[in-house]
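Chain by chain, the residues:
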Amino acid sequence: MELITPSVEISESFFEALEKGYVDKSRGKITTDKDINIIKNDFSAFVRTFDDLEASADLIALPNGDKVERLPSITRWIWDEGFSGSISLRWQKGTTDLPYYCLGHIGYEVVEWKRDKGLATFALKSMCETAQSMKMPFVEVVTDIENKKSQRVIEKSNGRLIETFTKPKHLDQTLSNRYRIFL
């Protein structure tokens, strides 16, 4: 198991996961057949947004249609004998604060058919090491209150519950937990 930089050479495994129904929640939408064809036709442009240290890619459209500034970010694929999910780190330069539309520094998702193998725990600990190398004092991770598996992953990475809150309207107003992991 490892975190790898997405590339054309390993993209087929990613497309197989999309076709099986994988939803990368960090990217904000279900990928349709039309989206898969667009990504396949210009995969290089698609993966260029995965390491956007200067937040230079296009604005992000929220579910309500509002367009907001992109944050600097790093995205890696979780790899275990093929594409197994993704994890991303987001931040604002010079502060640990995040804008209202980004609830946590790290977001991750493991494909359904590879869950319960320790992949999310491995990925989160690895991405925390990346954040630490960037001199971040901590990261925050948010999960829905009923997602007990994700809560265990965060706690295994030394996450401490700092609040239970209702997500903003543009994120479905679900009850969630915010954890802080000190690096």
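Provided above is the structure to which this section pertains.
Now for a quick tour of the structure. (Residues numbered from 1 in each chain as written. Predicted model: local features only at pLDDT ≥ 70, side-chain atom pairs only at ≥ 80, totals over all residues. Heavy atoms only, no water.)

This brings us to the overall build of the protein. Looking only at helices and strands, one finds five helices and ten strands in the protein. Relative to its length of 183 residues, the protein is compact, with a C-alpha radius of gyration of 16 Å against a globular reference of 16 Å. Dimensions along the principal axes, computed over C-alpha positions, put the protein at roughly 40 × 35 × 30 Å. In the protein, buried positions account for 46% of the 183 residues. Within the protein, counting contacts between residues at least 6 apart in sequence, those at least 24 apart form 58% of the total. Of the charged side chains in the protein, 26 are positive and 28 negative; the average position of the first set lies 4 Å away from that of the second. (Helix = DSSP H or I, 4+ residues; strand = E, 2+ residues; numbered from the N terminus. Rg over C-alpha atoms; globule rule 2.2 N^0.38 Å. Buried < 20%, exposed > 50% of the residue type's maximum accessible area, 1.4 Å probe, protein only. Contact = heavy atoms within 4.5 Å. Lys, Arg positive; Asp, Glu negative; His and termini not counted. Charge placed at Lys NZ, Arg CZ, Asp CG, Glu CD.)

What follows concerns the pairing of strand E5 (residues 73–79). Burial of E5 is extensive: seven of the seven residues sit out of reach of the surface. Residues of E5 alternate between two faces, with Ser73, Thr75, Trp77 and Trp79 on one and Ile74, Arg76 and Ile78 on the opposite face, all of them buried. Where strand E1 (residues 2–4) and E5 come together, three bridges link them in antiparallel fashion. In the strand pairing of E5, glutamate 2 is matched with tryptophan 79. Both strand E2 (residues 51–52) and E5 contribute to a ladder of two bridges, which runs antiparallel. Across the sheet, residue aspartate 51 finds its bridge partner in E5, namely isoleucine 74. Across seven bridges, the pairing between E5 and strand E6 (residues 83–90) is antiparallel. Its bridge partner lying in E6, serine 73 is registered against arginine 90. (Pairing = 2+ DSSP bridges.)

Below, the discussion takes up the packing of aromatic side chains. Applying the stated criterion across every chain yields a total of 13 aromatic pairs. Between tyrosine 22 and phenylalanine 83, the aromatic rings sit 5.1 Å apart at their centres with planes inclined by 70°, giving edge-to-face as the arrangement. A residue pair is termed long-range when its members are at least 10 positions apart, and tyrosine 22 in the loop between helix H1 (11–19) and helix H2 (33–41) and phenylalanine 83 in strand E6 qualify at 61 residues. For the pair formed by tyrosine 22 and phenylalanine 83, the shared burial category is buried. Their ring planes at 85° and their centres at 5.2 Å tell us that tryptophan 77 and phenylalanine 83 sit as a pair that is edge-to-face. Across the pair, exposure class does not vary: tryptophan 77 and phenylalanine 83 are buried alike. A network of ring pairs unites the aromatic residues Phe14, Phe15, Tyr22, Phe43, Phe46, Phe50, Trp77 and Phe83 as a single cluster. The lysine or arginine in question, lysine 40, covers the ring of phenylalanine 15, its NZ or CZ lying 5.2 Å from the ring centre. Taking NZ or CZ as reference, arginine 178 lies 4.4 Å from the ring centre of phenylalanine 165, over its face. (Phe/Tyr/Trp six-rings, centres within 6.5 Å; stacked < 30°, edge-to-face > 60°. Lys NZ or Arg CZ within 6 Å of the ring centre and 35° of its normal.)

Pairing in this open sheet of three strands is antiparallel, and the strands run E8-E10-E9 from one edge to the other. Of all strands in the sheet, those with a lone pairing partner are strand E8 (138–144) and strand E9 (160–166), marking the two edges. Taken pair by pair, the neighbouring strands of this sheet meet at an average axis angle of 25°, ignoring direction. The sheet contact formed by E9 and strand E10 (residues 175–182) spans six bridges and is antiparallel. In the strand pairing of E10, leucine 161 is matched with tyrosine 179. (Axes fitted to C-alpha atoms, helices over the stretch in contact; angles between N-to-C directions.)

A few words on the nonpolar core. Membership of the largest hydrophobic core comes to 22 residues, with the highest contact counts inside it found for Leu89, Ile106, Tyr108, Leu124 and Val139. Listing elements by their share of this core, those giving two or more residues are E5, E6, strand E7 (106–110), helix H4 (119–133), E8, helix H5 (148–156) and E10. The element that contributes the greatest number of residues to this core is H4, accounting for seven residues. Within the second largest apolar cluster, 16 residues are counted, among which are Ala17, Leu18, Ile39 and Trp77. (Core = buried A, V, L, I, M, F, W, Y, C linked by side-chain atoms within 4.5 Å.)

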